Every structure is written in C-alpha cells, then in structure tokens.
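Understanding the architecture of this molecule
Listed here are the chains, written in short residue letters.
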Amino acid sequence: MHIINPKDVFYFESVDNKVFIYCKQKIFQSKLKLYEIESEYENNDFFRASKSIIINISKIESVSPVSYGKFQALLQNGEKIFISRQFVPVFKKKLGL
C-alpha cells in the first residue's frame, strides 16, 4: 500500500479493467475505478481526457491540435496523451478558455 500525493500524479489510466497511477518515475495500481477517481479529483487539477485517461493539468507541458478535433498533450515527463474531441470542451473550461 502506498500513499500518493495527487500533486505527484501525471495521469490515471484504465487498462483491462485495472486502473494505473502514473507518477514521474513509478507506476502504481489503484483499487479505485476511473469514475471514482474522476469524482474524487474533479475539483482539483484533474480532468477526463478520454474514456480511459484522467490527466493532471498541472503536469501538461504543451497542447497541440491534431486531426478531427482531438488534442495532444505533452506531459512534463515526455509522454504524449490524446484528448478526445468530446472532452476538449471540458479541458478548455478547466483552463478558463
């Protein structure tokens, strides 16, 4: 069991009915479901980027548009995450745009 500070989390991802927590150098597995994490952290810097990913906005280095209204977020750890077009309005609202 680990206690993880939400500020250290880059993103959460659901893969094969398991939820993983991605930090700068380590990956942990969560017992919570993605929708539970979304509900718990929706008032913080987290937002759902796709059906399977919740991103920490404070860990985004840059964002660029890609095809068909999707965006691609480059995280501070060098990983690239796609933001589905259906979640782009939520992302913009979180940024105050």
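Presented here is a report on the structure given in the accompanying data block. Every chain's residues receive numbers from 1 upward, in the order its sequence appears when written. Under the rules for a predicted model, residues below a pLDDT of 70 receive no local features and side-chain atom pairs below 80 are neither given nor counted, while totals for whole chains, interfaces and linings still include all residues. Hydrogens and water are ignored here; the side-chain numbers use all heavy atoms of the structure.

**Remarks on the sheet that holds strand β7 (residues 71-75)**
At least two bridges found by DSSP between two strands are what make those strands a pair. Helical segments are the DSSP runs of H or I of at least four residues, strand segments are the runs of E of at least two, and each set is numbered from the N terminus. Pairing is antiparallel across the open sheet formed by three strands, whose spatial order is β6-β7-β8. Bordering the open sheet on either side are β6 (60-65) and β8 (80-83), each of which pairs with just one other strand. With direction set aside, neighbouring strand axes in the sheet form an average angle of 25 degrees. Pairing geometry for β7 and β8, over four bridges, is antiparallel. From the neighbouring strand, Ala73 faces β8, where its bridge partner is Ile81. Interaxial angles span 0 to 180 degrees and are taken between N-to-C directions of axes, which are lines fitted to C-alpha atoms, for helices over the stretch in contact.

**Side note on the pattern of salt bridges**
Salt bridges are defined by distance alone: a side-chain nitrogen of Lys or Arg within 4 Å of a carboxyl oxygen of Asp or Glu. For the coordinates displayed, the defined rule picks out one salt bridge. Of the charged contacts, one joins Arg48 and Glu38 as a salt bridge, the two residues approaching to 3.1 Å between their closest N and O atoms. With Arg48 in strand β4 (residues 46-50) and Glu38 in helix α1 (residues 34-41), this residue pair connects regions lying ten residues apart in the sequence.

**Describing the sheet that holds strand β1 (residues 9-15)**
Across the sheet, which stays open at both edges, the five strands sit in the order β3-β2-β1-β5-β4 with antiparallel pairing between neighbours. Two strands bound the open sheet, and with one partner strand each, they are β3 (27-30) and β4. Direction aside, neighbouring strands of the sheet carry axes that sit 25 degrees apart on average. Where β1 meets strand β2 (residues 18-23), six bridges bridge the pair, whose relative direction is antiparallel. Bridge pairing in β2 links Ser14 to Val19.

**Re the environment of Leu95**
One can find Leu95 in helix α2 (residues 88-95). Counting along the chain gives 50 residues from Leu95 to Asp45, while the straight-line C-alpha distance between them is 9.5 Å.

**Concerning unusual backbone geometry**
Of note in the backbone geometry, Asn17 takes a positive phi value of approximately 60 degrees without being a glycine. Tracing the sequence through the fold places Asn17 in the loop between β1 and β2.

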